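Fold and contact review
Residues per chain are reported as follows:
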Amino acid sequence: MMSQNQRLRQAITTSQLYRSIFRHDYVDSLRNRALEVTSNIFLHLHPVTIPRHALSVRFTFCLGGLTFFLFLVETITGLLLMFYYRPVPDYAYIDMKTLEYAAQFGVVLRNLHRWGAHLMVVTVMLHMLRVFLTGSYRPPREFNWVVGVSLLVMTLLLSFTGYLLPWDQLAFWAVTVGTNMAAATPFIGAEGPFHEVLGAQPLNDVRFLLLGDMKVGSNALLRFYVLHCVGLPLFAIVAMMVHFWRVRKDGGISRPL
Amino acid sequence: MESTDRVQKLLELTRRELVSRGLAISGWSTFAAVLGTGGLETVRFFYPRVVYQPPSTFRIGPADGFAPNGDDSDAFGVLLVDDRWKSQSRFVVVRERNRIYALSARCAHLGCTVNWFNDLRIFKCPCHGSEYHSNGVNFAGPAPRPLDRLRITVNLDGQLVVDTSVTYGPDRFDIDGAFVSV
Ligand code: HEM
Ligand code: FES
């Protein structure tokens, strides 16, 4: 005789709904464990089996994983911030302040996003240091190092564009200084070396491209906002997919020396 | 000869081969042209044709409004530095014995607004600490050159007019428009 529980369980696991979602049994067998991973779009990015050494925390310190975790934190908290934030000079600063007082846990949310961003810069650099110190950039993993560099740049650009959004004094002058540095780029910056070769001027150089204007103003705020919330995260997600996939294709985490 | 070989090969093509080759070439070049112009125009898209900016000229009153208290100038010949327009319009007015000029308050390093410290008689930048004498010449910090001077003129009413859209570097400090004689 089946108990009440067993019958309930059988009713669920044999239902069409359940079977349409889970294509294999739950019984703990090697085959089912493998199916568990390969039949799930999120899990299948991971290999079904990994060598024992890949579990050694003291080899990777999971720094890349922590960076990814922080990216998820930034995505979720950032999405929530967007519900209260308008990227217009008249509103941006007041919206940030309003969020802190008018929204439940607004201060926590904003600080999670801000500290998470700082932390992400730290962990991504430590991750890079680990890869360097363990020699994990060597063939066949050279290309993944290159992908990693673009992820580092994405992280820094996300931080830089996000920095302008609160539209306070710190934000305004930091971005004034940062974009004036862009004007010193060779060839394409109006104040850079060789600027006369292509005829770079304040009205057509790379700084103008960044700001959409001659100075930090409403165009710059909108540009940075779109890049911060859509353009750069999208690019970062694609680069991360390639990054994780390449870890697998290049033979898994490199071996401790 | 290689080129005649090529011509020979073309002549030997069947009509069908010639047509399909022609179609391929024109097709791919159309594709490349559309993609190329599309890309260029997308870059161009990010350069707005119009940007809105506040007026760049400021009437700052007649020249005798910049009369110094006493007659003592500092080591740089400056009698008076007036920073009333600094926070709104980013310039300061400097009075020497025989002339008046307008200094841009935009730091020559990376563009922060410099502050005037009257007791020290210097300008200091809050961003990376560049310092300038009362005449705008840099003497400390990362600033590579003096503060820019701005176009200053007298209008028909006898008012001084500063135009922040016209700047003069050190080699043009003494030309007409960079100062007003008094
Ligand atoms: C999809 C992902 C993201 C979304 C939707 C998003 C959205 C936002 C929004 C709406 C703001 C303005 C509110 C505010 O200033 O707090 C903001 C600020 C900011 N973001 Fe993000 N963000 C994302 C990811 C990131 C990442 C990955 C970083 C850095 C690694 C980052 C760094 C920053 C910084 C430094 C600020 C300024 C925060 C502050 O002053 O409070 N963001 N973000
Ligand atoms: S911007 Fe003034 S010292 Fe750098």
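Above: the structure in question.
Because the structure is a prediction, the values reported are computed rather than measured.

We now examine the interface of chain B and chain A. By a frequent convention, interface size equals the accessible area lost on bringing the separate parts together. Tallying the contact residues gives 16 residues for chain B and 18 residues for chain A. Summed over both partners, the interface of chain B with chain A buries about 1,200 Å², with 59% contributed by carbon and sulfur atoms. A salt bridge links A:Glu191 to B:Arg145; the shortest N-O distance between them is 4.0 Å. Here chain B and chain A share six residue pairs in polar contact (both at pLDDT 80 or more) between them. By residue class, the composition of the side of chain B that touches chain A is nine nonpolar, four polar and three charged.

Once that is clear, we can look at a nonpolar patch on the surface. On the surface, a cluster of nonpolar side chains totalling about 650 Å² of accessible area is made up of A:Leu119, A:Val122, A:Leu126, A:Leu129, A:Phe132, A:Leu133 and A:Tyr137. Within the element layout of this structure, A:Leu119 appears in helix H7 (residues 106–133).

In this section: the coordination of the iron atom of ligand 1. Residue and element names in this part refer to chain A. Binding of the iron atom of ligand 1 to the protein goes through His113 (NE2) and His228 (NE2), at separations of 2.0 Å. Here the iron atom of ligand 1 is ringed by six donor atoms whose angles at the metal span 82 to 178°, and the overall shape comes out octahedral. On the criterion of sequence distance, the pair formed by His113 in helix H7 and His228 in helix H12 (residues 218–249) is long-range, its members being 115 residues apart. Here His113 and His228 have matching classes, each one buried.

So, on to the pairing of strand E10 (residues 159–168) of chain B. Residue and element names in this part refer to chain B. In this sheet, E10 lies alongside strand E1 (residues 57–62) in antiparallel orientation, the contact comprising four bridges. Directly across from Arg59, in E10, lies its bridge partner Val161. Across six bridges, the pairing between strand E9 (residues 149–154) and E10 is antiparallel. In the sheet register, Thr153 faces E10, and the bridge partner there is Val161. Counted along the chain from E9 to the antiparallel partner E10, the turn is four residues long, and its residue Gly158 has a positive phi close to 80°.

Here we take up the state of the cysteines. Residues and elements named next belong to chain B. One pass over the full model with this rule turns up one disulfide over all chains. The residue that forms a disulfide with Cys112 is Cys127, at a sulfur-sulfur distance of 2.0 Å. One disulfide, between Cys112 and Cys127, carries an S-S torsion of -85° and so falls in the left-handed class. Of this pair, Cys112 sits in the loop between strand E4 (99–104) and strand E5 (115–117) while Cys127 is found in the loop between strand E6 (122–124) and strand E7 (131–133), placing the two residues 15 residues apart along the sequence.

Residue A:Pro140 follows A:Pro139 across a cis peptide bond; omega there is 5°. Tracing the sequence through the fold places A:Pro140 in the loop between H7 and helix H8 (142–164). Positive phi outside glycine occurs at A:Phe61, with the angle close to 55°. Inspection of the secondary structure assignment puts A:Phe61 in the loop between helix H4 (57–60) and helix H5 (63–82). Phi at B:Arg121 takes a positive value of approximately 55°, unusual for a residue other than glycine. Counting through the fold element by element, B:Arg121 comes out in the loop between E5 and E6. In this structure B:Arg121 comes out as partly exposed when scored by relative accessible area, which is 25%.

The rules behind these values
- Residues numbered from 1 in each chain as written.
- Chains lettered and ligands numbered in written order.
- Predicted model: local features only at pLDDT ≥ 70, side-chain atom pairs only at ≥ 80, totals over all residues.
- Heavy atoms only, no water.
- Contact = heavy atoms within 4.5 Å.
- Buried area = accessible area lost by both parts, 1.4 Å probe.
- Salt bridge = Lys/Arg side-chain N within 4 Å of Asp/Glu carboxyl O.
- Polar contact = N/O pair within 3.5 Å; in protein donor to acceptor, adjacent residues only side chain to side chain.
- Nonpolar A, V, L, I, M, F, W, Y, C, P; charged D, E, K, R; others polar.
- Patch = residues over 30% accessible without salt bridge, like charges linked within 9 Å, V, L, I, M, F, W, Y side chains within 5 Å.
- Areas by Shrake-Rupley, 256 points an atom, 1.4 Å probe, with all protein chains shown as cover.
- Helix = DSSP H or I, 4+ residues; strand = E, 2+ residues; numbered from the N terminus.
- Donors = N, O, S within 2.8 Å, 3.2 Å for Na, K, Ca; no water.
- Tetrahedral: all angles 85-135°; square planar, octahedral: opposite > 155°, others 65-115°.
- Buried < 20%, exposed > 50% of the residue type's maximum accessible area, 1.4 Å probe, protein only.
- Pairing = 2+ DSSP bridges.
- Disulfide = S-S within 2.5 Å.

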